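Next come the chains, spelled out residue by residue.
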Amino acid sequence: MPEGHILHRLARLHHEWYSGAPVRVSSPQGRFADGAAAVDGRVLTHADAWGKHLFHHYEGGLAVHVHLGIYGEFTDRELPLGEPVGQVRMRMIGARHGSDLRGPAACEILTPGEAEAIEARLGPDPLRSDADPERAWRRIGRSRTAIGALLMNQAVIAGVGNVYRAEVLFRHGIHPERPGDELSRTEFDAIWEDLVELMNVGVKHGRMHVVRPEHDHGAPAYARNRPRTYVYRRAGEPCRICGTPVLHSVMQARNLFWCPVCQPR
């Protein structure tokens, strides 16, 4: 599932391409036909993201809310787009660019109150300038739930997924099963500041860069054309720092990776 940096990157791109002018919106697949008709030809005032949620705000107060889920993706390019290929849920056409959305978990029209209700359910987003890390600390510092689960809870911190969860805990030597209330405030602050930095790098480059330059060598990445990771999808491989085999388990139905020496329980 795309993590928060992808949605913020899309929001910035779509804001640059479409805001301030009418946008033609359609649903070649037909599943979003009524929603597309509601905003077709309206001016896009701005696009923004909160966690893994993307919002296109149109004049008149309506917003298109998109959650990519596991399979969703945008294809963005200069005009002309040509005939739709595959199951295009939503097509956007501006003055010079177009975007096709396929396979999202959600693509819906929201009123201002409905959009605000979604945002109210989300925790602070490290990529937003208005983020309040105190909200996350209040939840984490009082919880006996494992920090590895808390970081994936979008109501605690919005936008963090499996990769950032695994990598930020490794970078700070924290075992993913340590209860939230056993973290010190200093440790939480360091995690938050690191997420802000790492996720902004992800927005800038469109890829997660989580390995420090001095460790960015040795065994290749877990997949072709992906930057190296410390532990994510490296079960059984030697830790890039100490050489101990990386461990794997499942936490709340999601794969979990950590080094037993660099991240002691």
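Residues numbered from 1 in each chain as written. Predicted model: local features only at pLDDT ≥ 70, side-chain atom pairs only at ≥ 80, totals over all residues. Heavy atoms only, no water.

The name given to the chain in an unreviewed UniProt entry is Endonuclease 8 1, with Rhodococcus gordoniae as the source organism. Under the heading Sequence similarities (unreviewed entry), UniProt records this for the chain: "Belongs to the FPG family." Here the chain is described in UniProt, under the heading Cofactor (unreviewed entry), as follows: "Zn(2+)". (UniProt positions renumbered as here; feature names shortened; annotations may be inferred.)

**As for the overall build of the chain**
The number of helices and strands found in the chain is seven helices and ten strands. For the chain, the C-alpha atoms occupy an extent of roughly 55 × 40 × 30 Å along the three principal directions. Looking at the chain residue by residue over its 265 residues, the buried ones come to 49%. The long-range share in the chain, meaning contacts at least 24 apart out of those at least 6 apart in sequence, stands at 58%. A total accessible area of about 12300 Å² is found for the chain, and carbon and sulfur atoms account for 49% of it. Side chains of the chain carry 33 positive and 31 negative charges; the gap between the two charge centres is 5 Å. (Helix = DSSP H or I, 4+ residues; strand = E, 2+ residues; numbered from the N terminus. Buried < 20%, exposed > 50% of the residue type's maximum accessible area, 1.4 Å probe, protein only. Contact = heavy atoms within 4.5 Å. Areas by Shrake-Rupley, 256 points an atom, 1.4 Å probe, with all protein chains shown as cover. Lys, Arg positive; Asp, Glu negative; His and termini not counted. Charge placed at Lys NZ, Arg CZ, Asp CG, Glu CD.)

**Some words on the sheet that holds strand 7 (residues 97-102)**
Strand order in the open sheet formed by four strands is 1-6-7-5, and the pairing between neighbours is antiparallel. The strands lining the two open edges of the sheet, one partner per strand, are strand 1 (24-26) and strand 5 (73-78). Across this sheet, the average inter-strand angle for adjacent strands is 15°, counted without regard to direction. Relative to strand 6 (residues 88-93), strand 1 is paired through three bridges, and the arrangement is antiparallel. Its bridge partner lying in strand 6, Arg 24 is registered against Ile 93. (Pairing = 2+ DSSP bridges. Axes fitted to C-alpha atoms, helices over the stretch in contact; angles between N-to-C directions.)

**A word on the packing of aromatic side chains**
Remark: the centre distance and the inter-plane angle together describe each pair of aromatic rings, the angle taken between the planes. Tallying each qualifying case throughout the model produces five aromatic pairs. Consider the rings of Trp 17 and Tyr 18, whose centres lie 6.1 Å apart with planes at 90°: the pair is edge-to-face. You can call Tyr 18 buried: its relative accessible area is 2%. With a centroid separation of 5.5 Å and 75° between ring planes, the pair formed by Tyr 232 and Phe 257 is classed as edge-to-face. Pair noted here: Tyr 232 is in the loop between helix 7 (185-205) and strand 9 (247-251) and Phe 257 is in strand 10 (residues 254-258), with a separation of 25 residues, a long-range link. According to the relative accessible area criterion, Tyr 232 is buried, its value standing at 13%. Taking the relative accessible area as the measure of exposure, Phe 257 reaches 7% and is therefore buried. Here the aromatic residues Tyr 222, Tyr 232 and Phe 257 are joined through ring pairs into a cluster of three or more. (Phe/Tyr/Trp six-rings, centres within 6.5 Å; stacked < 30°, edge-to-face > 60°.)

**Focus: the packing of helix 4 (residues 133-140) against helix 7**
Each pair of packed helices can be summarised by the angle the axes make with each other and by the distance between the axes. Packing of helix 4 against helix 7 leaves a shortest axis separation of 11 Å and a crossing angle of 135°. Between helix 4 and helix 7, the interaxial angle falls into the category oblique. For the pair helix 4 and helix 7, the crossing hand works out as right-handed. The segment helix 4 lies against helix 7, with Pro 133, Glu 134, Ala 136, Trp 137 and Ile 140 engaging Arg 185, Phe 188 and Trp 192. Considered class by class, the residues forming the contact of helix 4 with helix 7 number six nonpolar, no polar and two charged. (Parallel < 35°, antiparallel > 145°, perpendicular 65-115°, else oblique. Left-handed = near helix turned anticlockwise from the far one by under 90°. Nonpolar A, V, L, I, M, F, W, Y, C, P; charged D, E, K, R; others polar.)

**Quick word on the environment of Gly 180**
On the secondary structure map, Gly 180 appears in the loop between helix 6 (162-171) and helix 7. Distance from Gly 180 to His 97, taken between C-alpha atoms, is 45 Å for residues 83 residues apart in sequence. Once residues lying within four places of it in the same chain are set aside, the contact partners of Gly 180 are Ile 140, Gly 141, Ser 143, Thr 145, Ile 147 and Leu 150.

**Digging into the sheet that holds strand 3 (residues 53-58)**
Here we have four strands laid out as an open sheet, ordered 2-3-4-8, and antiparallel in their pairing. Either end of the sheet is taken by a strand with one partner, and the two such strands are strand 2 (44-50) and strand 8 (106-110). Adjacent strand axes in the sheet meet at a mean angle of 15° when their direction is disregarded. Alignment of strand 4 (residues 63-67) against strand 8, held across five bridges, turns out to be antiparallel. Looking at the pairing, Ala 63 lines up with Leu 110 of strand 8. Packed on one face of the sheet, helix 3 (residues 112-121) meets strand 2, strand 3, strand 4 and strand 8 and runs near 130° to strand 8.

**Concerning the pairing of strand 2**
A large share of strand 2 lies buried, amounting to five of its seven residues. The hairpin formed by strand 2 and strand 3 contains two residues between the paired strands, and Gly 51 there has a positive phi angle of roughly 60°.

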